[in-house]
Amino acid sequence: MQTTSSRTKMKTINGDSLTPILIFRRLQGKYKFLLESSAQHEGAGRFSFIGANPRKTYKGVGQEIQEYSYQTGKTYVHKGELFALLKRLMPRISNTTEFPFSGGAVGYIGHGGTSMLQTDAKELPDIHFHVYETVIIFDHVTDEVTLIHTNINVEKQEPDLEDLAQQLLQGHASEEATYMYQTLDTSTQDQFSNALQNIQRNLNGEMTRVVLPKCYLAKFQGDTFSLYRQLRKKKPAAYMYYVEFEDYVVLGTSPESLIRVKGEQVIATPTEGTYPRGGTKSDDLENERKLYNHLEIRKSHAVLVSAVQQELQSVCFRDSVQVIDAMRIVKSKQALHMTSSIEGQLLPMLHALDVLAAMLPPYSTTGIAKEQATHYFEKWHQPASIFGGALGFIGFNGHLDFALTGQSIVVKQAIMHMQSSIEVTKYTDILSVLQQVEEEERAYLQLLDNDGGQNE
């Protein structure tokens, strides 16, 4: 047993017989989460994080956060601006661990309306976080598993990390399960087409390109974690996540980070521009060359990088904001992505959450300035919900890492909610775009076909 501070206890075990999936299945408790990456190297993807049994939950809607304590069973209501409340409510406990996350809040911050587009599902909160005192960390470089507990209150009784270690090493894993889904016809294609045409007619010199969400639905029956396992196998990415809330689950994969904050260092990696993978290494290299030399993609990427630089300059020392790695091509299983890395130094009077607030809504979701985007979403009633926000962690140590949630799946009340994106310009052929989106939706659902189950 190691002690890193008066409030933090840590135990490390050999994890060569374990995987993050097996740890999750053996871990007992409610409101479990798993944050992991397919990019297992000496970077953001080195560690996977697993947890259960949060100490408290923050649920925010409008100008109010409800704080529920699992220790007292009481709900405390806080009024005010959501980011300001989160900064005040989030416990700040320093420790000296090497890990980017060793306890804190896991959840999402959405943007815009709280209801899902084209559905009658009950509303989701604008923000929803669980606060975990105990976190399990899988190191993909050393194959070590570290159990860390941080007491929010010094007087609170600590859990037995020895018992938890034995649970992970020898415990009973939840049984392999399956799932089924059946796509639903929302019968709103004509309405949506008319709305897109209306938007197109109203584009002007300031707003030349808008990216809007289109949600689609399926009835869902079975095990949501099996759904996640299928998605991570068919569509692995740099960010993969599964988070259980009271009456719904959020899961997904994302090739792009929105923002990371580590101490005073702020890192953004905007991604704009994709190209399919080649069938061979030489095809891959040729497609990389095509992507890198594509003038329209490079122009669009440069606009995004410039916008992110301006956002970071509002929360960092202006001279510190620099593009460190420009227009680099990275690979996922399905595609090549053009990404850049921008770094800055956080202003001393600000919190990591101030950086996250500055980055929302993500510029890539709208293609237009934030003030215009907010007005535009409100005018055309296109609520972004969780799909227009970000999911990740806010550590007790002040570190923060969030990924975009545009490719998330929400399973709530036996309905699976997903999303496609539609780009609208003055010259967009709306009919052909809608047909393309339908094809993408079918392809995405095929990814979810359960190898061991049955879909209708």
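Rules behind the numbers
Residues numbered from 1 in each chain as written. Predicted model: local features only at pLDDT ≥ 70, side-chain atom pairs only at ≥ 80, totals over all residues. Heavy atoms only, no water. Core = buried A, V, L, I, M, F, W, Y, C linked by side-chain atoms within 4.5 Å. Buried < 20%, exposed > 50% of the residue type's maximum accessible area, 1.4 Å probe, protein only. Helix = DSSP H or I, 4+ residues; strand = E, 2+ residues; numbered from the N terminus. Contact = heavy atoms within 4.5 Å. Axes fitted to C-alpha atoms, helices over the stretch in contact; angles between N-to-C directions. Parallel < 35°, antiparallel > 145°, perpendicular 65-115°, else oblique. Left-handed = near helix turned anticlockwise from the far one by under 90°. Nonpolar A, V, L, I, M, F, W, Y, C, P; charged D, E, K, R; others polar. Pairing = 2+ DSSP bridges. pLDDT = per-residue confidence, 0-100. Polar contact = N/O pair within 3.5 Å; in protein donor to acceptor, adjacent residues only side chain to side chain. Expected span 1.5 Å × (residues − 1). Arc of directions from axis to C-beta.

Participant: Tell me about the nonpolar core, residues and numbers included.
Facilitator: Membership of the largest hydrophobic core comes to 42 residues, with the highest contact counts inside it found for Phe 129, Ile 259, Leu 312, Leu 356 and Leu 400. At six residues, the largest contribution of residues to this core is made by helix H8 (residues 352-359). Setting aside anything within four residues of it in sequence, one finds Leu 312 in contact with Ile 259, Val 266, Ala 268, Val 321, Ile 342, Val 355 and Met 359. Core analysis: the next-biggest nonpolar cluster, separate from the first, contains 39 residues, Ile 23, Val 145, Ala 218 and Val 249 among them.

Participant: Explain the packing of helix H2 (residues 82-89) against H8 to me, using residue names and the numbers behind them.
Facilitator: In a pair of packed helices, the angle between the axes and the distance between the axes together describe the arrangement. Two elements in contact, H2 and H8, have axes whose closest approach is 10 Å; the angle formed by their N-to-C orientations is 160 degrees. Judged by the inter-axis angle, H2 sits roughly antiparallel to H8. Viewed along their axes, H2 and H8 form a crossing whose handedness is right-handed. Contacts from Phe 83, Leu 86 and Lys 87 in H2 reach Leu 353, Asp 354, Leu 356 and Ala 357 in H8. A breakdown of the residues in the contact of H2 with H8 according to their chemical character gives five nonpolar, no polar and two charged.

Participant: Please set out the packing of helix H7 (residues 295-313) against H8 residue by residue, giving values where relevant.
Facilitator: Between H7 and H8, the least distance of the axes is 9 Å, while the angle of their chain directions is 145 degrees. In the crossing of H7 with H8, the sense of the turn from one axis to the other is right-handed. Along its contact with H7, which presents Val 308, Glu 311 and Leu 312, the element H8 presents Val 355, Ala 358 and Met 359. In the contact of H7 with H8, the residues fall into five nonpolar, no polar and one charged.

Participant: Please give an account of the pairing of strand S23 (residues 408-412) that cites residues and values.
Facilitator: Every other side chain in a regular strand lies on the same face of the sheet, so the side chains alternate between the two faces. Counting buried residues in S23 gives five out of five residues, a clear majority hidden from the surface. Taking every second residue as pointing to the same face, both faces of S23 are buried, with Ser 408, Val 410 and Lys 412 on one and Ile 409 and Val 411 on the other. Two strands pair when backbone bridges link them, and strand S15 (residues 248-254) and S23 are joined in this way by five bridges, in the antiparallel orientation. Residue pairing in the sheet places Val 250 in a bridge with Val 410 of S23.

Participant: Describe the confidence of the model for the protein chain, and please don't skip the residues or the numbers.
Facilitator: For the protein chain, mean pLDDT is 83; residues scoring 70 or higher make up 82% of the total. Taken as a whole, residues 112-122 scores under 50 in pLDDT and shows 36 contacts with residues more than four places along the chain or in a different chain. Contacts for the low-pLDDT stretch residues 377-384, under 50 throughout, to residues beyond four places or in other chains number 23 contacts.

Participant: Would you mind going over the side chain of Lys 56 in detail, with residue names and values included?
Facilitator: Locating Lys 56 in the fold gives a position in strand S5 (residues 56-61). At a separation of 2.8 Å, a polar atom in the side chain of Lys 56 contacts the side chain of Glu 67. Residues within four places of Lys 56 in sequence aside, it is in contact with Glu 67, Tyr 68, Ser 69, Tyr 70, Phe 129, His 130 and Val 131.

Participant: Now, about H7: what can you tell me, with residues and values included?
Facilitator: Residues spaced three or four apart along an α-helix point in a common direction, a consequence of the helix completing one turn every 3.6 residues. In this model, H7 (19 residues) spans 27 Å end to end at C-alpha, consistent with the 27 Å of a helix rising 1.5 Å per residue. Residues Ile 297, His 301, Leu 304, Val 305, Ala 307, Val 308, Glu 311 and Leu 312 constitute the buried set of H7. Down the axis of H7, the buried side of the element spans an arc of 165 degrees, and every buried residue falls inside it. Away from the buried face of H7 by more than 90 degrees, exposed residues Leu 295, Glu 296, Lys 299 and Gln 310 are located.

Participant: Give me helix H3 (residues 161-170): which residues, what numbers.
Facilitator: Looking only at H3, the buried set comprises Leu 161, Leu 164, Ala 165 and Leu 168. The buried residues of H3 occupy one face: seen down the axis, they fall within an arc of 100 degrees. Residues of H3 that are exposed and point more than 90 degrees away from the buried face comprise Asp 163 and Gln 170. The inward-facing, buried residues of H3 abut strand S2 (8-14), helix H1 (20-26), strand S10 (134-139) and strand S11 (144-150). N-capping of H3 is provided by Asp 160, with a side-chain oxygen placed 2.9 Å from the backbone N of Glu 162.

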